[in-house]
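Summary of the model geometry
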Amino acid sequence: MRYILQNAKFHLHRIQIATPSSKCLTKHRTLSLRNLSCSRVSNKDVGFIGLGVMGSHMAQNLVNAGHNVIAYDIVKENLDKAVSGGAVAAASPAAVASQSECVITMLPSSPHVVECYTKDGILSSVKAGSLLLDCSTIDPLVSKEMAEQASAKGAVYMDAPVSGGSMGAKAATLTFMVGGPAEHFAEAKSVLDLMGKNVVHCGAVSAGQAAKICNNMMLGISMFGMSEVMNLGQRLGLDAKLLASILNTSSGRCWAGDTYNPCPGVMENVPSSNNYAGGFGTALMTKDLGLAQDAATTTKSPTPLGSAAHQLYRLMCNKGYGHLDFSSAYKFLQEDEKSEK
């Protein structure tokens, strides 16, 4: 499903403010979107909208770095927690934008982003020259629409989806995949560096989203593969920790095994050892795999494993796993087999 908004296209290359004063003054009053700069990032207010599992840690890292963070979330408890950590509460996305030079959004899906930015949202009160960084994972076409509308307001929109999970968000070790004008990447990176360790410019607006949905398709496939292997190995009599250690030092090594193992008790401080609470929800993984399948259809790319993973995670959601971390694929396989006996 596409969320394409009807909007006139504005080609704002150069805005000349007429003035009878000196050439020097005229020069300083000449603006262009290409030259709008957010180099003041280190000294300015930063807005943050979306204080869930990931966003709460990301916003806190900005506070810890010395920024005045103006925060908003529709869940009062999330906003209260951010305020207790040093952020300042705002009443709405529009209020955040009106008080900030840079606004970061971390939202669940395309419709949430559209609602947050349009109508009475961010773009209704955004300041000219503001930098808008959307860290949500959404349809690349929506990112392009938001960028066009932001440009019409004199602001710069960049998509900057993340990878690294809640642990990476807390530790400020996330990877950011950024799409947007190259001339603004350094400005964006100066903020994103405070929340992650890898900030990569992927190309024009929506390129970050393209990289992210490819990454998450790989992640969804590998997590189910790791879950199957851990289940099989134990049924063959192997100790779970022993099997994991072998996999992690062999050709089967992957992030789902050495960093986020889905088998309870193999690793500490991961969702599988906490009843699959927290982390990256199965419903969100299902959404991301759906985006990947939409892209595969559009580009006529064969993705049989991606399609299979999408269907498996959809089945998990139907079975009540949507609120659990996506590594609950391991639990799903075990319980699915029990139900067949």
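Here's what I pulled together on the structure shown here. Counting restarts for each chain: residues are numbered from 1 in the order of the written sequence. With pLDDT at 70 or above as the cut-off, local features in this predicted model cover only qualifying residues; side-chain atom pairs require 80 or more to be listed or tallied, and sums for whole chains, interfaces and linings still use all residues. Excluded from the side-chain calculations are hydrogens and water; all other atoms, namely the structure's heavy atoms, are used.

Quick notes on the overall build of the protein chain
What counts here: A helix here means a DSSP run of H or I that spans at least four residues, while a strand means a run of E at least two residues long, and both kinds are numbered starting from the N terminus. Note on exposure labels: buried denotes an accessible area under 20% of the residue type's maximum, exposed denotes more than 50%, and partly exposed covers the range between, all computed with a 1.4 Å probe on protein chains only. Between two residues, a contact is recorded if the distance between any of their heavy atoms is within 4.5 Å. Method for areas: the Shrake-Rupley scheme with a 1.4 Å probe, in which residue coverage is limited to the protein chains shown.
Along the protein chain, the regular secondary structure elements total 14 helices and 11 strands. The buried share of the protein chain, reckoned over its 341 residues, is 49%. Taking all contacts inside the protein chain whose residues are at least 6 apart in sequence as the whole, residues at least 24 apart take part in 64%. Counting every atom, the protein chain has about 16200 Å² of accessible surface; 56% of that belongs to carbon and sulfur.

Here we look at the pattern of salt bridges
The test is simple: When a carboxyl oxygen of Asp or Glu lies within 4 Å of a side-chain nitrogen of Lys or Arg, that pair is called a salt bridge.
As enumerated under the stated definition, the model contains 6 salt bridges in all. For D193, the salt bridge is made with K189, and the minimal N-O distance between the two is 2.9 Å. When its relative accessible area of 33% is taken as the criterion, D193 is described as partly exposed. The shortest N-O distance in the salt bridge between K331 and E335 comes to 2.8 Å.

Topic: the pairing of strand β7 (residues 131–134)
The side chains of a regular strand alternate between the sheet's two faces. In plain terms, the rule: Strand pairing is assigned whenever DSSP identifies at least 2 bridges connecting the two strands. Assignment of crossover handedness uses the view with strands pointing away from the viewer, where a clockwise path from the first strand over the helix to the second indicates a right-handed crossover.
On β7, burial covers both faces: L131 and L133 on one face and L132 and D134 on the other are all buried. Relative to β7, strand β6 (residues 102–105) is paired through 4 bridges, and the arrangement is parallel. Its bridge partner lying in β7, C102 is registered against L131. For the crossover from β6 across helix α5 (residues 110–117) to β7, the handedness is right-handed. Across 4 bridges, the pairing between β7 and strand β8 (residues 156–159) is parallel. Among the inter-strand pairings, L132 is bridged to a residue of β8, identified as Y157. Taking the sense of rotation as the criterion, the β-α-β connection linking β7, helix α6 (residues 140–152) and β8 turns out right-handed.

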